[in-house]
Amino acid sequence: MPRLEGRACIVTGAARGIGRAIAEAFGAEGATVVAVDRDEPAGQTMAAETGCRFLALDVASEADWERLAAEFPACDVVVNNAGITGLETSGPQDPEHATLEAWRAVHAVNLDGTFLGCRYAIGAMKAKGEGSIINISSRSGLIGVPGAAAYASSKAGVRNHTKSVALYCAQQGWAIRCNSIHPGAILTPMWEPMLGSGPDRAERMAALVADTPLRRFGRPEEVAALAVLLASDEATYLTGAELSLDGGLLAGSAAAPGAR
Ligand code: NAP
């Protein structure tokens, strides 16, 4: 029995990476999926390959969300997945040297985008009084990251806003659940600027997961499997939760005395 039969789902940042994997997994579970992304050519290709419907949308644009709400006034699941690290642009991202403009650009996508996506979702779910909002935060939302301070701050904001949304919806008497997923290193195009294509790529990859107890990158499909669970009726008592999906990283092995 498909776990999301008949459900209308919106997934942001779905042209590639984790968002695409979630859109595909939802479709495989019987959902009708609207994939949205600011990258229109990649989104159209993805839609043709997966059977999802595609809509071009910049998650940081209020007008774009209003356009989406006019076309899809009701839905059952919203995944706020679109995000940027800031590292894909040049310029420092540390707390001493980052520009205000760079700081704001990251927050605009990751945090404003999630706020707008949650606001849309509440409006689109409240008539039915139930639904699932899934916010993709990061392990970086739970720890400090000196070289990507805006990313870490924005993802911490996503974690916290998830709980406000969960409590607000519960207060209203709605079974609209809101949870955050905190992935560790998941192998997607987001990592390409850090991995490069040189001869030391494999070495860099190994170094990046050296402190991860499972000693490997996660796969987008592994994040998608958790999103399916959160979207389904198997998770109807789960709200306001933060779920780490990081190969054991934040269990603390790197911090534990004498661990290695
Ligand atoms: P990705 O491969 O870079 O894909 C992200 C997609 O979102 C891209 O298609 C991107 O389009 C799109 N996007 C970016 N800004 C947007 C905007 N303003 N409006 C609409 N779409 C936008 O990233 P990913 O690795 O799949 O990551 C997905 C989410 O998981 C992000 O929120 C990320 O922070 C989070 N996450 C990832 C990891 C990881 O290791 N991969 C770990 C923790 C958390 P463009 O190509 O135009 O930018």
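Look up a bit, the structure's there.
Residues numbered from 1 in each chain as written. Predicted model: local features only at pLDDT ≥ 70, side-chain atom pairs only at ≥ 80, totals over all residues. Heavy atoms only, no water.

Caption draft 1: Highlighting the site of the ligand. Around the ligand, the structure places 29 residues, and the nearest of them are Arg-16, Asn-81, Tyr-151, Thr-188 and Trp-191. In the environment of the ligand, an oxygen atom lies 2.8 Å from a nitrogen or oxygen atom belonging to the side chain of Asp-37. Tyr-151 is positioned such that a nitrogen or oxygen atom in its side chain is 2.6 Å from an oxygen atom of the ligand. Contributions of two or more residues to the shell around the ligand are made by α1 (17–28) and α5 (149–171). For the shell around the ligand, a count of residues per class yields 15 nonpolar, eight polar and six charged. (Near = heavy atom within 4 Å. Polar contact = N/O pair within 3.5 Å; in protein donor to acceptor, adjacent residues only side chain to side chain. Helix = DSSP H or I, 4+ residues; strand = E, 2+ residues; numbered from the N terminus. Nonpolar A, V, L, I, M, F, W, Y, C, P; charged D, E, K, R; others polar.)

Caption draft 2: Seen up close, the environment of Arg-7. Its place among the elements puts Arg-7 in the segment before β1 (8–12). A residue is classified by how much of its surface remains accessible, and Arg-7, at 17% relative accessible area, is buried. Setting aside chain neighbours within four positions, we find Arg-7 in contact with Ala-31, Thr-32, Asp-76, Ala-231, Ser-232 and Asp-233. Here Ala-231 takes part through its backbone oxygen, which lies 3.2 Å from a polar atom of the side chain of Arg-7. (Buried < 20%, exposed > 50% of the residue type's maximum accessible area, 1.4 Å probe, protein only. Contact = heavy atoms within 4.5 Å.)

Caption draft 3: Focus on the pattern of salt bridges. In the structure shown here, the tally under the stated rule is 15 salt bridges. The partner of Arg-3 in a salt bridge is Glu-234, and the shortest N-O contact between them spans 2.9 Å. Here Glu-234 lies in the loop between α8 (220–231) and β7 (242–245) and Arg-3 lies in the segment before β1, a separation of 231 residues in the sequence. Ionic pairing is found between Arg-20 and Glu-49, a salt bridge with its closest N-O pair at 2.9 Å. You can see Arg-20 sitting in helix α1 and its partner Glu-49 sitting in helix α2 (residues 40–50), a full 29 residues away along the chain. One connected set of salt bridges, linked through shared partners, spans Arg-3, Glu-29 and Glu-234. (Salt bridge = Lys/Arg side-chain N within 4 Å of Asp/Glu carboxyl O.)

Caption draft 4: Region of the structure containing the state of the cysteines. With the rule as written, the count across this model stands at zero disulfides. Free cysteine: Cys-118, not disulfide-bonded; nearest cysteine sulfur from Cys-178 at 4.6 Å. Looking at Cys-169, it has no disulfide partner, and the nearest cysteine sulfur is the one in Cys-178, 7.1 Å off. (Disulfide = S-S within 2.5 Å.)

Caption draft 5: Structural detail: the packing of aromatic side chains. Applying the stated criterion to the full structure yields three aromatic pairs. Aromatic pair Trp-191 and Phe-217: ring centres 5.3 Å apart, planes at 90°, arrangement edge-to-face. Pair noted here: Trp-191 is in the loop between β6 (175–183) and α6 (192–195) and Phe-217 is in the loop between α7 (201–208) and α8, with a separation of 26 residues, a long-range link. Among the residues examined, Trp-191 registers a relative accessible area of 12% and is labelled buried. (Phe/Tyr/Trp six-rings, centres within 6.5 Å; stacked < 30°, edge-to-face > 60°.)

Caption draft 6: Geometry of the sheet that holds strand β5 (residues 130–136). In space, the seven strands of this open sheet follow the order β3-β2-β1-β4-β5-β6-β7, with parallel pairing throughout. Because the sheet does not close on itself, it has two edges, and the strands there are β3 (53–56) and β7. Averaged over all pairs of adjacent strands, the angle between their axes in this sheet comes to 20°, without regard to strand direction. Strand contacts of helix α3 (residues 62–71): β1, β2 (32–37), β3 and β4 (77–80), with the helix running at about 145° to β3, the strand carrying the most contacts. (Pairing = 2+ DSSP bridges. Axes fitted to C-alpha atoms, helices over the stretch in contact; angles between N-to-C directions.)

Caption draft 7: Representation of the packing of α1 against α8 within the structure. Where α1 meets α8, the axes come as close as 8 Å, and the angle between the chain directions of the two elements is 50°. Accordingly, the angle class assigned to the pair α1 and α8 is oblique. As α1 runs across α8, the sense of the crossing is right-handed. For the pair α1 and α8, contact is made by Gly-17, Ile-18, Ala-21, Ile-22, Ala-25 and Phe-26 and by Pro-220, Glu-221, Val-223, Ala-224, Ala-227, Val-228 and Ala-231, respectively. Split into classes, the residues belonging to the contact of α1 with α8 amount to 11 nonpolar, one polar and one charged. (Parallel < 35°, antiparallel > 145°, perpendicular 65-115°, else oblique. Left-handed = near helix turned anticlockwise from the far one by under 90°.)

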